[in-house]
Amino acid sequence: MTSAFAGHIAGLGTSSGTRIVVGIWDTSPFGPFADVMLEQPSGHRILLAPRQDIADFVASTYTFDEVRIEPVSVARGEEWSVHTRSLQARFTPGRRLWVSPVLRLVPSTIRRRSAWARACNPVARRIMPGVQTFGTAGGGRTEWYAATQVRRLTCARATWEGEELGELAPVTPPVHFGFASSPARPTVTALTSYVREA
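Treat the numbers as computed from the prediction; the structure is a model and nothing was measured. (Residues numbered from 1 in each chain as written. Predicted model: local features only at pLDDT ≥ 70, side-chain atom pairs only at ≥ 80, totals over all residues. Heavy atoms only, no water.)

Asker: Go over the layout of surface pockets, please, and point to the residues and values.
Answerer: What the largest pocket holds in volume is close to 940 Å³. Lining the largest pocket are 47 residues, and of these V131, Q132, T133, Y145 and L191 sit closest to its centre. Breaking the lining of the largest pocket down by element, the ones donating at least two residues are β1 (2-14), β2 (19-27), β3 (33-39), α1 (52-61), α2 (99-104), α4 (114-127), β10 (142-160) and β13 (187-196). No other element matches α4, which puts six residues into the lining of the largest pocket. Along the lines of polarity and charge, the residues of the lining of the largest pocket split into 35 nonpolar, nine polar and three charged. (1 Å grid on protein atoms, 1.4 Å probe; cavity = no way out; pocket = protein on both sides within 12 Å on 5 of 7 lines; lining within 4 Å. Points joined across faces, edges and corners; volume = space filled by probe spheres on them. Helix = DSSP H or I, 4+ residues; strand = E, 2+ residues; numbered from the N terminus. Nonpolar A, V, L, I, M, F, W, Y, C, P; charged D, E, K, R; others polar.)

Next up, the structure:
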C-alpha cells in the first residue's frame, strides 16, 4: 500500500544551529495536518505532531530522540507562520528557483512513479545539496518525493521554548531524521511525498 502526502515542506536553519523542517500537508491519509521536525545543535532530534496517530506514523518512518504531541497551526500568506506550544516560527517565501519550471514540465503520471524518483535521485543530490528524491524509510518502507515548485526563503525568525534561535541560516549540517535532508539553502517546496509499506 502506498500513502500520498501532498503539500509543502519548509526547511530552514538558524544562526543558533537549530534546524527546522515543517511539513504542511493539505491532503494525507490523516486528513490535513502540519508537523515539525527539529534538530538542535547537539544533534537531539524532536518531532512535534498534533495527534498520537500521526506521531506514531511519522516516528515509525523517521528517527527521533523525542516526540511531543502538541497542536501545530500554520498560516500562509506573504509571510508564513508556524505555532506550537514549543515553537513559534515565521518565514517569507521569495522567488522561485530555476528548477521550478523544469519540474512542472514532467507529466504528473510520470512524476508520481517511484522509478522516476529513483532515476532523478543522483541529479537532485548534485544540483541541490542535501536533497534526495528516493530512499528507504523506517519500518522497511520506501519513500519518494515528487516536487513541483521550490522557492527560497528570504528571512525567518523562530523561538524555541521562548528562546530566540537567531537569524536565517543554511540547513547545515544536514538534518538526520531519515534518508534525506532538507536542501542546504532554506526553501519551501511544493511536493507530494509517497510512502510505500514493506
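Asker: Describe the pattern of salt bridges, and please don't skip the residues or the numbers.
Answerer: A complete count under the given rule lists nine salt bridges for this structure. Between R76 and D26 there is a salt bridge, with the nearest N and O atoms lying 2.7 Å from each other. With R76 in the loop between β6 (73-75) and β7 (80-83) and D26 in strand β2, this pair connects stretches of sequence that are 50 residues apart. On the basis of relative accessible area, R76 is assigned to the partly exposed category, the value being 42%. For E164, the salt bridge identified is with R157, shortest N-O distance 3.2 Å. Its relative accessible area of 49% is what places E164 among the partly exposed residues. The network of salt bridges with common partners includes E66, R68 and E161. (Salt bridge = Lys/Arg side-chain N within 4 Å of Asp/Glu carboxyl O. Buried < 20%, exposed > 50% of the residue type's maximum accessible area, 1.4 Å probe, protein only.)

Asker: Can you lay out the pairing of β7 for me, pointing to particular residues and giving the numbers?
Answerer: With three bridges connecting them, β6 and β7 associate as antiparallel partners. When the sheet's bridge partners are listed, V74 is paired in β7 with V82. Where β7 meets strand β8 (residues 87-96), four bridges bridge the pair, whose relative direction is antiparallel. For W80, the partnering residue across the bridge sits in β8 and is F91. Two successive antiparallel strands, β7 and β8, enclose a turn made up of three residues. (Pairing = 2+ DSSP bridges.)

Asker: Describe the packing of aromatic side chains, with residues and values.
Answerer: All told, the structure shown has ten aromatic pairs when counted by the stated rule. Measuring from ring centre to ring centre gives 6.4 Å for F5 and F33, while their planes differ by 85°; the resulting arrangement is edge-to-face. Taken together, the positions of F5 in strand β1 and F33 in strand β3 put the pair 28 residues apart, joining distant regions of the chain. Owing to a relative accessible area of 6%, F5 belongs among the buried residues under this scheme. Sitting over the ring of W80, R76 keeps its end group 5.8 Å from the ring centre. (Phe/Tyr/Trp six-rings, centres within 6.5 Å; stacked < 30°, edge-to-face > 60°. Lys NZ or Arg CZ within 6 Å of the ring centre and 35° of its normal.)

Asker: Explain the side chain of S81 to me, and be specific about the residues and the numbers.
Answerer: Relative to the elements of secondary structure, S81 occurs in strand β7. Setting aside residues no more than four positions away along its own chain, S81 makes contact with S73, V74, A75, A89 and R90. (Contact = heavy atoms within 4.5 Å.)

Interpretation in functional terms is not warranted from these geometric data alone.
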